[in-house]
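What the coordinates show
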Amino acid sequence: MVIINKIQQYFENRKLSSNPLVAELQRALSRDRVLEEEEDRLLHSKDESVFEGGLAGPVCFPRTTEEVQAIMRIAQLFEHPVIPRGAGSGLAGGAVPLGAPIVVAMTEMNKINEVDIDNRIAWVEPGVINFELSEYLRPMGFHYAPDPSSQQICTIGGNVANNSGGPHCLADGVTDSHVVAIEVVLPDGELGQFGGIDSEPRGLDLRGAFIGSEGTLGITTKIAVRLTPNPEEVQTILISFATMRKAAETVSAVIANGIVPAAMEAMDQKTIEVIEKHIPAGYPTDVGAVLLVEVEGLPDGVENDALQICEIAEAHEALDIKLAQNSWQREALWKGRKSAFGASTYLAPNYYLHDTVVPRSQLANVLDKVNELAAANELTVMNVFHAGDGNLHPLILFDAEEEGTLERVHAVGAEIVKISLEAGGVLSGEHGIGIEKQEFMSELFTDEDLRHQNKLRYAFDPQCRINPGKILPIGHSCADIQTLHKPPEGIWV
Amino acid sequence: MKTPFDSLIKEFVKEVGSTGPVAIEGGKTRWNLHGLPTAETNIIRAPSGIITHTPEEMIVKVRAGTTVMELHKDLKKNGQRTSLPERGGTVGGAIAVGENHLNMLGRGRVRDAVLQIRYISAEGEIITCGAPVVKNVSGFSLHKLMVGSLGTLGVIAEVTLRTNPIPDMSTWVTASSKTPQDIFNALYKPSAVLWDGETIWVHLEGHVSDIENQRKTLLNLGNFEAVEDAPGLPRYRWSMKPSDLVQINRQETGNFVASIGVGTLWADRPQPRKPVDQVSEKITKELKHQFDPHGRLNPGRTFL
Ligand SMILES: Cc1cc2nc3c(=O)[nH]c(=O)nc-3n(C[C@H](O)[C@H](O)[C@H](O)COP(=O)(O)OP(=O)(O)OC[C@H]3O[C@@H](n4cnc5c(N)ncnc54)[C@H](O)[C@@H]3O)c2cc1C
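Residues numbered from 1 in each chain as written. Chains lettered and ligands numbered in written order. Predicted model: local features only at pLDDT ≥ 70, side-chain atom pairs only at ≥ 80, totals over all residues. Heavy atoms only, no water.

1. Details of the interface of chain B and chain A
Interface extent is often summarised as the accessible area lost during association of the parts. How we decide: By definition, residues are in contact when any of their heavy atoms lie within 4.5 Å. We define buried area as the total accessible area lost by two parts upon association, computed with a 1.4 Å probe and summed across both. The rule for a salt bridge is simple: a side-chain nitrogen of Lys or Arg has to be within 4 Å of a carboxyl oxygen of Asp or Glu. In protein, a polar contact means a hydrogen-donor-capable atom and an acceptor-capable atom, both N or O and within 3.5 Å, with residues adjacent in sequence counting only if both atoms are side-chain atoms; elsewhere, any N or O pair within 3.5 Å suffices. The numbering of helices and of strands both runs from the N terminus, where a helix is a DSSP run of H or I of at least 4 residues and a strand a run of E of at least 2.
Taken together, the contact pairs 74 residues of chain B with 94 residues of chain A. Carbon and sulfur atoms make up 55% of the surface buried where chain B meets chain A, a total of about 6,800 Å² over both sides. Sorting the residues of chain B by area buried against chain A places Lys135, Phe140 and Tyr188 of chain B first, and these three jointly supply 14% of that buried surface. Where Asp172 of chain A meets Lys189 of chain B, a salt bridge forms, and the shortest distance between an N and an O atom there is 3.4 Å. Viewed at the interface, chain A and chain B are joined by 36 residue pairs in polar contact (both at pLDDT 80 or more). Sorting the residues of the side of chain B that touches chain A by element identifies helix H5 (110-113), strand S7 (126-130), helix H6 (142-146), helix H7 (180-186), helix H8 (208-219), strand S14 (236-239) and helix H10 (278-291) of chain B as the ones contributing at least two each.

The structure is reproduced here in structure tokens:
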């Protein structure tokens, strides 16, 4: 028996990579779940952001927590960086590998392990797709509340890492409010559980510190999400306005009146036009802007809030107010909103989606400035955004083939960030900092603030090996970002 | 945008200084939690007062020494409130302790309400984390780490909180019940469901006619009648899995009041210590070392 095992081992080993790091990873997982071919690495060198220049090392597809731990231990032994990866739908470059790290693609850890109705939570693996989780829960009378527009593809692990939001996060909060516990593999391969199912877990909120850390503190392998009861009543309202200013003022007024709808999304004229070309959602194309508002809850409260919203809209010169009459109409209205980015290709082949937040009362002013800026730079911009929480999403449209355009797009992007900060806003509402906004961090935080953020990172990852070169700007991070842009010598060039 | 600090916060920075043990006293409602400060500790108070309340943004910026009562009294003028518990303590204290309001299901969690914190570091610098907007993922969530940190990582000086509207109506109803979970399940988002083994108290908030309808649902399940207020709560606070609340061992707890669907339990006896996850312990120690290498912030208090 021993001899047969040895022979088997011999043949197994023969098939392993000649690269010692890769061979070790293959031994821990399997030959076919650790990829090192250039095309595989290229495929995992990008996310949905516009950032080029990523360079992946070996790409691993673990299936168990133990395998993730093994990868981390090997990485530590070889002093090699690691980057966790979900679906790669991130828009700030969070999943773009710098310095040829081992890419840990979590997509094969995609089981819903347990739905615990009594405790109103579900334990899921990080590779579970956001939409699939909600669909799975809905017949049980529940859903998972955060619904990023990318929900058909993005993973819960990616949502946790980015503290993602979505249209329906206005009343009930973003990912952080819906994740009660996480299991995390640390850079040294040890396994911790942060948070808990009990009401007020003892100790520091390491769960809260991990959520939104963009894959820099460890790899989450199991997540306990909160189940939200399906609402008894839903009312979806489409309100059109002559101008975006009027729409934005309505948003402010609704909130000022003490109404927090479940969702309150805004779309400008260009957005409406391309959506209607793409899929007929039922939006009027001859108006300046629309608001898509949804109220949820018990029937009378819903009716009351909906009525008040309509009155406020009328006071702000709404051109038309349409209530979804049935679930089919409601779905069409939402489908339009969620396909806006894809529909933008009717205007230009590429887009750069920005994400900043401003105080709601500043929405109208900031949008005017964004539009002026785009016009002055001869760029087209579409605005489709989470208006209820002041989360702007200007979509700059361009053709990457046209020489010099990308530079102009980046320059306008930088200006949008500045305008938002000047209005009392922040760098990002849901996409994160990644590599996109690293260098703007110093505009929002002082050197001491950033030093303290790095202390947090350091406590989890003292060698700065997990997703190095992200979030903190040069000079504040424990990794030297400049060197990460150069591939390590000898391998994977 | 980096915003300046007012003079009271600057004074406070001087008071905290950069050497010697220091602790902040709030309302002293949770003074004994996880240990007492050592004898030689300099005990000071955080500055108080509301800095700005922007009702239309549903945001309030307040100095840490303000009492929660004061804060809520002021917010009420604009029909708003926060999720902080009203127990006679200060805003800074409530955040440092991190315990939720009795009506957490209706008001939300304390940790979800905290948008920005400014704290004084062990070195005596003012550190800003988070931001005064309702949605933000710019950088590491240090402000989340501060909630429930008992002031062991930094001295909380100023806080920006999310506010929420006070509902049109709110009422407590009570009945005797042996099946609290069924009652909880029959309701849509109640604010609180409390149970002492014999009697159940339900807090309903919202639109007047919705409350009437919820009340009707309850009448099908028991002899519910209106009461003034929540029941008195025993002394010790337990943190449990919501599903464990229906099989409480009274020998272990003594008299109790349980928050159904939440997991908090108030009992006559303290909760036995649960083992701390070793990895969490390691990181907690490292964080303390990083943020307060000489152990000057709230010495004597520890989670470990
Ligand atoms: C069309 C479109 C619409 C979008 N709409 C929204 C929206 O409405 N709201 C919103 O918030 N975002 C939106 N996004 C952005 C993106 O989808 C989210 O950030 C999403 O959460 C990323 O998930 P992912 O699985 O694709 O993660 P990836 O992009 O693969 O990774 C994102 C980050 O998470 C880390 N990570 C992934 N898995 C793990 C893990 N298991 N452990 C630790 N770290 C991990 C990665 O290292 C990386 O830093 C949109 C993107 C697109 C393309």
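Moving on from the model shown.
2. Some thoughts on the domain arrangement of chain B
Residues and elements named next belong to chain B. The following threshold applies: For every domain, the bounds stem from an assignment made automatically or drawn from a database.
Per the domain assignment, the segments making up chain B are domain 1 (7-165) and domain 2 (169-267). For domain 1 versus domain 2, the distance between C-alpha centres works out to 29 Å. Of the residues lining the interface, 10 residues belong to domain 1; the matching set on domain 2 comes to 15 residues. For the pairing of domain 1 and domain 2, the buried interface totals around 920 Å² over both sides, and the portion due to carbon and sulfur atoms is 55%. Among the residues domain 1 hides against domain 2, the three largest losses belong to Leu102, Asn103 and Leu105. Together they make up 64% of the total. In this assembly, domain 1 and domain 2 are joined by two salt bridges. Here Arg237 ties to Glu99 by a salt bridge, and the two come within 3.7 Å at their closest N and O atoms. For the pair domain 1 and domain 2, the number of links is four residue pairs in polar contact (both at pLDDT 80 or more).

3. Some words on the side chain of Ser243 of chain B
Of note, Ser243 of chain B is situated in the loop between S14 and helix H9 (250-253). For Ser243 of chain B, the residues in contact, after removing those within four places along its chain, are Asp118 and Asn119 of chain A.

4. Here's the deal with the packing of helix H10 (residues 299-315) of chain A against H8 of chain B
How we decide: Interaxial angles span 0 to 180 degrees and are taken between N-to-C directions of axes, which are lines fitted to C-alpha atoms, for helices over the stretch in contact. When describing relative orientation, an angle under 35 degrees is termed roughly parallel and one over 145 degrees roughly antiparallel, while 65 to 115 degrees is termed roughly perpendicular and anything else oblique. Under the grouping applied here, Gly and all other residues not named as nonpolar or charged are polar, the nonpolar ones being Ala, Val, Leu, Ile, Met, Phe, Trp, Tyr, Cys and Pro and the charged ones Asp, Glu, Lys and Arg.
At their nearest, the axes of H10 of chain A and H8 of chain B sit 7 Å apart, and the two run at 170° to each other. If you check the angle between H10 of chain A and H8 of chain B, you find them roughly antiparallel. Residues Pro299, Asp300 and Gly301 of chain A of H10 of chain A lie in contact with H8 of chain B, whose contacting residues are Ser209, Asp210 and Asn213 of chain B. By residue class, the composition of the contact of H10 of chain A with H8 of chain B is one nonpolar, three polar and two charged.

5. Considerations on unusual backbone geometry
Look at Ile471 of chain A: it is not a glycine, yet its phi comes out positive at around 65°. Examined against the element boundaries, Ile471 of chain A turns out to sit in the loop between helix H16 (447-460) and helix H17 (481-484). The phi angle at Lys189 of chain B is positive, at roughly 45°, despite the residue not being glycine.

6. As for the sheet that holds strand S20 (residues 394-398) of chain A
Residue and element names in this part refer to chain A. Which entries qualify depends on this criterion: For two strands to be treated as a pair, DSSP must find at least two bridges joining them.
Taken in spatial order, the seven strands make up an open sheet running S15-S12-S14-S13-S18-S20-S16, and their pairing is antiparallel. Only two strands of the sheet have a single partner each, and these edge strands are strand S15 (320-323) and strand S16 (350-353). In this sheet, adjacent strand axes meet at a mean angle of 20° when their direction is disregarded. Here nine bridges tie strand S12 (residues 233-241) to strand S14 (residues 289-297), and the two strands are oriented antiparallel to one another. When the sheet's bridge partners are listed, Ile237 is paired in S14 with Val293.

7. Digging into the packing of helix H2 (residues 20-28) of chain A against helix H4 (residues 65-77) of chain A
Residues and elements named next belong to chain A. Selection rule: Each crossing gets its handedness from the near helix: less than a right angle anticlockwise from the far helix is left-handed, clockwise is right-handed.
Closest axis-to-axis distance for the H2/H4 pair is 10 Å, and the angle between their directions is 160°. Judged on the interaxial angle alone, H4 and H2 are roughly antiparallel. Taken as a pair, H2 and H4 cross one another with a handedness that is right-handed. Contacts between H2 and H4 involve Leu21, Glu24, Leu25 and Ala28 on the former and, on the latter, Glu67, Ala70, Ile71 and Ile74.

8. A word on the domain arrangement of chain A
All names here are of chain A. In terms of domains, chain A is made up of domain 1 (112-229) and domain 2 (233-422). With nine residues of domain 1 at the contact, the number on the domain 2 side is 17 residues. Here domain 1 meets domain 2 over a buried area of about 970 Å², counting both sides, of which 59% is carbon and sulfur. Where domain 1 touches domain 2, the interface holds one salt bridge. Class assignment for the residues of the side of domain 1 that touches domain 2 results in four nonpolar, four polar and one charged.

9. Considerations on the pairing of strand S12 (residues 199-206) of chain B
Sheet faces and side chains relate simply in a regular strand, where the side chains alternate between the two faces. All names here are of chain B. Note the following rule: Buried, partly exposed and exposed residues are distinguished by accessible area as a fraction of the type maximum, computed with a 1.4 Å probe on protein chains only: under 20%, between the cut-offs, and over 50%, respectively.
Across the eight residues that make up S12, a large majority, seven, are buried. Sheet analysis places strand S10 (residues 169-176) next to S12, joined by eight bridges and oriented antiparallel. Considered in S12, the bridge of Met169 is made with Gly206.

10. What about the environment of Arg87 of chain B?
Residues and elements named next belong to chain B. By the secondary structure assignment, Arg87 is in the loop between strand S5 (80-81) and helix H3 (91-97). When the C-alpha positions of Arg87 and Met69 are compared, they lie 8.1 Å apart, and in sequence the two are 18 residues distant. At 2.9 Å, the side chain of Arg87 and the side chain of Glu99 are in polar contact.

11. So, the side chain of Thr175 of chain A
Residue and element names in this part refer to chain A. Positionally, Thr175 belongs in the loop between helix H6 (156-162) and strand S8 (179-185). Exposure remark for Thr175: the relative accessible area of 1% places this residue in the buried category. When neighbours within four sequence positions are excluded, Thr175 is seen to be in contact with Tyr144, Pro146, Asn159, Val160, Asn163 and Ser164.

12. Observations concerning the confidence of the model for chain A
Applicable threshold: A residue's pLDDT is the predictor's confidence in that residue, given on a scale from 0 to 100.
Chain-level pLDDT for chain A is 93 on average; 95% of the residues reach the 70-or-more range. Note that pLDDT drops below 50 for residues 485-493 of chain A; the model gives that stretch 18 contacts with residues more than four away or on any other chain.

13. Points about the packing of aromatic side chains
All names here are of chain A. Note the threshold: Only Phe, Tyr and Trp rings take part, Trp by its six-membered ring, and two of them pair if their centres are within 6.5 Å. Stacked means planes under 30 degrees apart, edge-to-face means over 60, and tilted covers everything else. Lysine and arginine charges are scored as sitting over a ring when NZ or CZ, respectively, is within 6 Å of the ring centre and within 35 degrees of the ring normal.
Applying the stated rule across the entire model yields three aromatic pairs over all chains. Judged by centre distance (6.1 Å) and plane angle (40°), the rings of Phe341 and Tyr351 are tilted. Here Tyr351 lies in strand S16 and Phe341 lies in helix H12 (residues 340-343), a separation of 10 residues in the sequence. Note on Tyr351: relative accessible area 26%, which makes it partly exposed. In this arrangement the basic side chain of Lys222 is found over the ring face of Trp123, its NZ or CZ atom lying 5.2 Å from the centre.

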